[in-house]
Every structure is written in structure tokens, then in C-alpha cells.
Amino acid sequence: MPASTPPASPPSFGTLALRWYRLNRGGLRATAIGIISLVTFLLVWHLLTTYRVVFFVRFTNVPSPLAVYASFTKAIHDPKFLLHVLLSCRRIFFGFSLAAIVAVPLGLIMGRFKLIHEIIFPVAEVLRPIPAIAWVPMAIMLWPTNEQSIVYITFLGSFFPILVNTLHGMSLVDPVLVRAAQCLGARERSIFRDVYFPASLPHIFTGLTVGMGVAWVSLIAAEMISGQYGIGYFTWEAYSLVQYADIALGMIAIGVLGLGSSMLIRGAGQLVMPWRSR
């Protein structure tokens, strides 16, 4: 009888670690570069504020990173600050969700039916360049409460980027695919579901990501002018009370919340379109 082959020994920890490193080398490199970039930014910020540098830009009254950190440790124990953050997130959720629910189907329909596109597109193009801050007086007149008017402005800010990107995605759908589906007997609903919608998804998620960023810009502008709560109002109130550290804290909070919102959309896009991450 032939000699039996000895069972293979399991790979060592070093071998497994090396394999993991090779698989995740790109992500680790990006993470390391990001950390170095943030540390460098904080260091430059600390030096500019410590030595009160004046070179075209004045850093005499800009708070240092340590002062902002002290303000942060105080704010996280203040229920009022947490209320500002929660209200801003709630407004973003409602305004952005409404914009996505309306803009995506409307963009798909406008991209498919020429008559509807000709009716709606001119009105949308006239309204699209109007900045969110210009809508504040009109929103106050249109809606009975400040809360509703702020959500409306957030809705407008995110609506147009989502609509335009959805239209762009529809315009790039290969007509050969549409004709092939029609030749196979697919009805209009099936063509929408199986051809137009999947082909437009990358552009839809691009519009959602851009729309989320514009939604935060619109929200902060509305909160600064007409709000009584929210992270935008917190930042403006800090400026009125000459609390410089709180101004920087509000700005950083806006940036972190916006980044987190965009990451959620990108994560949802990777789940819906797994082929895009390859």
C-alpha cells in the first residue's frame, strides 16, 4: 500500500497576518495617510493659533485645538448641545428623505417620457440656481412654523442635485438594451425595473451623495437665519456671544455629521451595487 500523506499543518499566525496585510494593503495605506494628514492639520492649526500668526489671514482670535477640545468636553455633558445636534439630524432626515422620494421617481419619469421632461424641466432649471438662503423669507411665508420652513429649505437643497443626476443617468442608458427588452416582450414596468433603474443607480447614488452635502449647507443657512435650535443656530449664537471655541466646535460638528451622512449613503450604495466595489 502507498504511504499515506501526512496531514498539512495549519498556517501559522505570521502567515495569516501576512495574507491579511496583502489583502488590505490599499485600505491600510489610505488610513495611514489620512491619520498623518489630520495630525499635520492639527499641528499647523496649533502653531498658527499659539503664535497668533498674522499673514494675510489673522489667527489672533482663532481658538486653539486645545480650547476647542475643552469646549467639546463641556458641550457633550450639556443636554442643550445634544438637542441642537439631534434636531439638525432630524431635519436632515425628513428633508433629505422627502427629496429622495420625490426626485428619484420624477427623474426616472422625466428621463423616460419626453413630454413630461418638456413640461417640468424648464421650471426646475429656473428654480435650481436660487440659493437656499434666498428661500428663507419665502419659506417663512409658505409654512406656518419655523420647523416646517427649515425642513422645506433642506428639501429644496437636496432635491435638485438628486433630480439632475437621475436625469443624467437616464440619458446614458444604452438604447440597445431597451430595444432588446422590448423585442423580448417586456412591458414598460419591466423595462423600468430591469433596465432603466439598474443602469441609472450609480448616478442616482452620486446625486444622493451630492444632495446630502447641499442639504447640510441649506440646513445650516436656514438655522442661522430663522432657527431657534440646531447646530447652525448654536454656531451663530456662539458668534453673537463671542465664544470663539464654540464657533469652531459647531463647524467641526457640522463637518463630522455631514461626513457621517455621506458615508451612510456610500455604504448603502455598496450594498445595493456590490459590483461597483470590485
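Going by the structure above, here's the rest.
Residues numbered from 1 in each chain as written. Predicted model: local features only at pLDDT ≥ 70, side-chain atom pairs only at ≥ 80, totals over all residues. Heavy atoms only, no water.

A. Structural context of the side chain of Ser 200. Counting through the fold element by element, Ser 200 comes out in helix 9 (residues 188-226). On the accessibility criterion, Ser 200 (0% relative accessible area) is buried. With residues near it in sequence (within four places) discarded, Ser 200 still touches Leu 108, Gly 169, Met 170 and Val 173. (Helix = DSSP H or I, 4+ residues; strand = E, 2+ residues; numbered from the N terminus. Buried < 20%, exposed > 50% of the residue type's maximum accessible area, 1.4 Å probe, protein only. Contact = heavy atoms within 4.5 Å.)

B. Structural detail: the packing of aromatic side chains. Under the defined criterion, the tally for this structure stands at 12 aromatic pairs. Taking the centre distance of 5.6 Å and the plane angle of 70° together, the rings of Phe 93 and Phe 94 count as edge-to-face. You can call Phe 94 partly exposed: its relative accessible area is 44%. With a centroid separation of 5.3 Å and an interplanar angle of 35°, the aromatic rings of Trp 236 and Tyr 239 are classed as tilted. Of this pair, Trp 236 and Tyr 239 both sit in helix 10 (residues 231-240), separated by three residues, roughly a single helical turn. A residue is classified by how much of its surface remains accessible, and Trp 236, at 41% relative accessible area, is partly exposed. Residue Tyr 239 is classed as exposed on the basis of its relative accessible area, which comes to 51%. Put simply, the rings of Phe 113, Phe 192 and Tyr 196 touch in pairs and so form one group of aromatic residues. (Phe/Tyr/Trp six-rings, centres within 6.5 Å; stacked < 30°, edge-to-face > 60°.)

C. Main features of the environment of Phe 59. Among the secondary structure elements, Phe 59 is positioned in the loop between strand 2 (57-58) and helix 3 (65-75). With residues up to four places along the chain from it excluded, the contact list for Phe 59 reads Leu 48, Thr 49, Arg 52 and Val 53.

D. Quick look at the layout of surface pockets. In this structure, the largest pocket occupies an estimated 710 Å³ of space. In terms of lining, the largest pocket is formed by 25 residues, of which the most central are Trp 45, Val 68, Ala 248, Leu 249 and Ile 252. Where the lining of the largest pocket is concerned, the elements lending two or more residues are helix 2 (25-50), helix 3, helix 4 (79-112) and helix 11 (244-272). Per-element tally for the lining of the largest pocket: the top contributor is helix 11, with eight residues. Considering only residue class, the lining of the largest pocket consists of 24 nonpolar, one polar and no charged. The computed volume of the second largest pocket comes to approximately 320 Å³. Grouping the amino acids of the lining of the second largest pocket by side-chain chemistry returns six nonpolar, three polar and five charged. (1 Å grid on protein atoms, 1.4 Å probe; cavity = no way out; pocket = protein on both sides within 12 Å on 5 of 7 lines; lining within 4 Å. Points joined across faces, edges and corners; volume = space filled by probe spheres on them. Nonpolar A, V, L, I, M, F, W, Y, C, P; charged D, E, K, R; others polar.)

E. Region of interest: unusual backbone geometry. In this model, Arg 52 sits at a positive phi of 50°, which is unusual for a non-glycine residue. Considering the arrangement of structural elements, one finds Arg 52 in the loop between helix 2 and strand 1 (54-55). Since its relative accessible area comes to 44%, Arg 52 is described here as partly exposed. With phi around 65°, Phe 56 is a residue other than glycine that occupies positive phi space. Its place among the elements puts Phe 56 in the loop between strand 1 and strand 2. On the basis of relative accessibility, which here comes to 81%, the residue Phe 56 falls in the exposed class.

F. Examining the packing of helix 4 against helix 7 (residues 146-171) more closely. Where helix 4 contacts helix 7, the axes come no closer than 7 Å and their chain directions differ by 35°. You can see that helix 4 and helix 7 cross each other, and the crossing is right-handed. For the contact of helix 4 with helix 7, the class distribution of residues is 20 nonpolar, six polar and four charged. (Axes fitted to C-alpha atoms, helices over the stretch in contact; angles between N-to-C directions. Left-handed = near helix turned anticlockwise from the far one by under 90°.)

G. Quick look at a nonpolar patch on the surface. Taken together, the side chains of Leu 18, Trp 20, Tyr 21 and Leu 28 define a hydrophobic patch exposed on the protein surface, amounting to about 400 Å² of accessible area. Looking at the nonpolar patch, the element that brings in the most residues is helix 1 (residues 13-23), giving three residues. Among the structural elements, Leu 18 can be located in helix 1. (Patch = residues over 30% accessible without salt bridge, like charges linked within 9 Å, V, L, I, M, F, W, Y side chains within 5 Å. Areas by Shrake-Rupley, 256 points an atom, 1.4 Å probe, with all protein chains shown as cover. Salt bridge = Lys/Arg side-chain N within 4 Å of Asp/Glu carboxyl O.)

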